[in-house]
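One-letter residues, chain by chain:
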Amino acid sequence: QVQLVESGGGLVQAGGSLRLSCAASGRTFSSYATGWFRQAPGKEREFVAAINSSGGRTNYADSVKGRFTISRDNAKNTVYLQMNALKPEDTAVYYCAAVRAGSGYYPSIQDAYTYWGQGTQVTVSS
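**Points about the pattern of salt bridges**
Phase 1 of the analysis: Across all of its chains, the model carries four salt bridges by this definition.
Phase 2 of the analysis: A salt bridge links Arg38 to Asp90, with the nearest nitrogen and oxygen atoms 2.9 Å apart. Here Arg38, found in strand β4 (residues 32-39), pairs with Asp90, found in the loop between β8 (78-83) and β9 (92-100); they are 52 residues apart in sequence, far enough to count as distant.
Phase 3 of the analysis: The salt bridge involving Arg67 is made with Asp90; its shortest N-O contact spans 2.7 Å. Of the two residues, Arg67 is situated in the loop between β6 (58-60) and β7 (68-73) and Asp90 in the loop between β8 and β9; the sequence distance between them amounts to 23 residues. An identical accessibility class is assigned to Arg67 and Asp90; each is buried.
Phase 4 of the analysis: Among the charged side chains, a network of salt bridges with common partners joins Arg38, Glu46, Arg67 and Asp90.

Here's what the structure looks like:
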């Protein structure tokens, strides 16, 4: 069992930056691929970024490539999402998710993930 807790959300002006954190319980978090997803009001939840268990491979949605960076520190059981050049359309609740997986698996499909956090609100003002 893995429990995920997101933090770092808030209100920021367009062009600003935020760093989200996803802290995980459990001693085997280094065996889990982790993804970030987001859900804007009135829209379906969508993929943002994913990272493999070791941190050596990443994947991004086209809408955030070049602006967001996913990373992880397995010694701290934490995954990060650095968000730069934020836009109003980035406003959403951001969720982290995890699935036990080998190093070659870091899916962009939300149904592939087993564990989910409660989410953190990010609001970008224009």
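Don't stop here, the text continues.
**Observations concerning the state of the cysteines**
Phase 1 of the analysis: Applying the stated criterion across every chain, the model contains one disulfide.
Phase 2 of the analysis: A disulfide bridge connects Cys22 with Cys96, and the sulfur atoms are separated by 2.1 Å. Residues Cys22 and Cys96 are joined through a disulfide that is right-handed, its torsion about the S-S bond being 60°. In this pair, Cys22 sits in strand β3 (residues 18-24) while Cys96 sits in strand β9, placing the two residues 74 residues apart along the sequence.
Phase 3 of the analysis: What makes Cys22 buried here is its relative accessible area of 0%.
Phase 4 of the analysis: We classify Cys96 as buried; its relative accessible area is 0%.

**Focus on the environment of Gln3**
Phase 1 of the analysis: One can find Gln3 in the segment before β1 (4-7).
Phase 2 of the analysis: Expressed as a C-alpha distance, the spacing of Gln3 and Ala24, which sit 21 residues apart in the sequence, is 5.6 Å.
Phase 3 of the analysis: In contact with Gln3, not counting residues within four places along its chain, are Ala23, Ala24 and Ser25.

**Overview of the sheet that holds β8**
Phase 1 of the analysis: Across the sheet, which stays open at both edges, the four strands sit in the order β1-β3-β8-β7 with antiparallel pairing between neighbours. Of all strands in the sheet, those bounded by a partner on one side alone are β1 and β7. For this sheet the average axis-to-axis angle between neighbouring strands, irrespective of direction, equals 15°.
Phase 2 of the analysis: As paired elements, β1 and β3 share four bridges and run antiparallel to each other. Within β3, the position partnered with Leu4 by the bridge is Ala24.

**Describing the packing of aromatic side chains**
Phase 1 of the analysis: A complete count under the given rule lists six aromatic pairs for this structure.
Phase 2 of the analysis: Pairing Phe29 with Tyr32 gives two aromatic rings, centres 6.4 Å apart and planes at 15°, and the pair type is stacked. You'll find Phe29 and Tyr32 in the same group, each marked buried.
Phase 3 of the analysis: One aromatic cluster is present, built from ring pairs that chain together Phe37, Phe47, Tyr113 and Trp116.
Phase 4 of the analysis: The ring of Tyr95 carries Arg45 above its face, with NZ or CZ at 5.1 Å from the centroid.
Phase 5 of the analysis: Looking at Arg45, its charged tip hangs above the ring of Trp116, at a distance of 3.9 Å from the centre.

What counts and how
- Residues numbered from 1 in each chain as written.
- Predicted model: local features only at pLDDT ≥ 70, side-chain atom pairs only at ≥ 80, totals over all residues.
- Heavy atoms only, no water.
- Salt bridge = Lys/Arg side-chain N within 4 Å of Asp/Glu carboxyl O.
- Helix = DSSP H or I, 4+ residues; strand = E, 2+ residues; numbered from the N terminus.
- Buried < 20%, exposed > 50% of the residue type's maximum accessible area, 1.4 Å probe, protein only.
- Disulfide = S-S within 2.5 Å.
- Contact = heavy atoms within 4.5 Å.
- Pairing = 2+ DSSP bridges.
- Axes fitted to C-alpha atoms, helices over the stretch in contact; angles between N-to-C directions.
- Phe/Tyr/Trp six-rings, centres within 6.5 Å; stacked < 30°, edge-to-face > 60°.
- Lys NZ or Arg CZ within 6 Å of the ring centre and 35° of its normal.

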